[in-house]
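So you can see what is in the structure, the chains are spelled out below.
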Amino acid sequence: MSNGSNGPTRKHTALPKAEILIEALPWLTRHHGKTVVIKFGGNAMVNEDLKAAFAQDVVFLRHAGLKPVVVHGGGPQISRALDKAGIVSEFRAGLRVTTEDAMDVVRMVLAGQVQRELVGLLNRHGPLAVGLTGEDAHTITATRHQPEIDGELVDIGRVGEITEIDTGAIEALLADGRIPVVSSVARSQDDHHVYNVNADTAAAALAAALGAETLMVLTDVEGLYEDWPDSDEVISRLTASQLEKLLPELSSGMVPKMEGCLHAVRNGVTTARVIDGRVQHSILLEIFTDEGIGTMVVPDEQGEP
């Protein structure tokens, strides 16, 4: 008797799960076989639960037939390691001044610590993730970036401006069913050293070079606010030209993220999104649900300036 009375109830409680899976179907179909570049950063990078959820999401994408590529920096971890080494962290024009000594620490933290941890989290789910830096197989090449401050070009050390992307190694890994995890360190175009490059910029450049369907940038806000600080309404969708007009008004931390989104959609990426990395499974919510979360940037429609 008990089986008969339990049966319908059990079916009933499972139904919402089926509905959620079915809602994902059109998105699964649309994204199948497509490359998605995800910039891992912010709180998702330091909170243990969020880190684990991020790894689950990326593995889910891979098993759902997408080709995820993860790009990461490591600002907080670098600052901690520099403090420990007795090297003062100095920022100019929003960028970390990177001396030769500091660069050694940056490289060690990104490739030896942050990347290793992320590769380890992903590989709990199978032999999937492979770590590399922009130095490997000429993936990212850069020259010295000199920002302009008060009309003067300023030397901030080994901070690089990306000049070239070679996607060969990443594409070979994707073809083999692997998940590339890329640290934002670049080889130098003109000497035998390496450069620290902004991870948002690196993710955008890789997304464009790979012809990715989507660039996703995890951040610590809900998205791009309509009228910050007067309002916390998030702009859910805007075109490249609309974003370009907004850029001068944005807070300094948001600029490289939104410039990256703009670069991506102007160079063949179908959508670029800034999403709230403080929400568990935000990547799945963004890719597989009708609502989506965060701010999506799309190319200008035909006929728009």
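This one's a predicted model, so the numbers in the text were calculated from it and none came from an experiment.

(A) Inspection of the overall build of the protein chain at higher detail. Helix and strand counts for the protein chain come out as nine helices and 17 strands. Here the C-alpha coordinates of the protein chain stretch approximately 80 × 45 × 35 Å along the principal axes. The buried share among the 305 residues of the protein chain stands at 47%. Intrachain contacts of the protein chain at a sequence separation of at least 6 include 73% that bridge at least 24 residues. Surface accessibility of the protein chain: about 15000 Å² in total, with carbon and sulfur atoms responsible for 52%.

(B) Spotlight on the packing of helix H6 (residues 199-210) against helix H8 (residues 254-266). Between H6 and H8, the shortest axis-to-axis distance is 8 Å and the interhelical angle comes to 10°. Considered as vectors, H6 and H8 are oriented roughly parallel to each other. For the pair H6 and H8, contact is made by Asp200, Ala204, Ala205 and Ala208 and by Pro256, Lys257, Gly260, His263 and Ala264, respectively. Here the residues of the contact of H6 with H8 sort into five nonpolar, two polar and two charged.

(C) Spatial organisation of the packing of aromatic side chains. Scanning the model with the defined rule gives two aromatic pairs in all. When the ring of phenylalanine 40 is compared with that of phenylalanine 54, the centres are 4.2 Å apart and the planes differ by 25°; the resulting orientation is stacked. Within this pair, whereas phenylalanine 40 is found in strand S1 (residues 35-40), its partner phenylalanine 54 is found in helix H2 (residues 48-63), the two being separated by 14 residues in sequence. Taken together, a centroid distance of 5.8 Å and an interplanar angle of 65° make the contact between phenylalanine 60 and phenylalanine 288 edge-to-face. One end of the pair, phenylalanine 60, is in helix H2; the other, phenylalanine 288, is in helix H9 (residues 282-288), with 228 residues separating them in the sequence.

(D) Main features of the pattern of salt bridges. Taken as a whole and assessed by the stated rule, the structure comprises 14 salt bridges. A salt bridge links glutamate 48 to lysine 51; the nearest nitrogen and oxygen atoms lie 3.2 Å apart. With glutamate 48 and lysine 51 both in helix H2, this residue pair falls three residues apart, about one helical turn. Judged by its relative accessible area of 52%, glutamate 48 falls in the exposed class. Three or more residues are tied together by salt bridges with common partners; here these are Lys39, Asp200 and Lys257.

Reading the values: the criteria
Residues numbered from 1 in each chain as written. Predicted model: local features only at pLDDT ≥ 70, side-chain atom pairs only at ≥ 80, totals over all residues. Heavy atoms only, no water. Helix = DSSP H or I, 4+ residues; strand = E, 2+ residues; numbered from the N terminus. Buried < 20%, exposed > 50% of the residue type's maximum accessible area, 1.4 Å probe, protein only. Contact = heavy atoms within 4.5 Å. Areas by Shrake-Rupley, 256 points an atom, 1.4 Å probe, with all protein chains shown as cover. Axes fitted to C-alpha atoms, helices over the stretch in contact; angles between N-to-C directions. Parallel < 35°, antiparallel > 145°, perpendicular 65-115°, else oblique. Nonpolar A, V, L, I, M, F, W, Y, C, P; charged D, E, K, R; others polar. Phe/Tyr/Trp six-rings, centres within 6.5 Å; stacked < 30°, edge-to-face > 60°. Salt bridge = Lys/Arg side-chain N within 4 Å of Asp/Glu carboxyl O.

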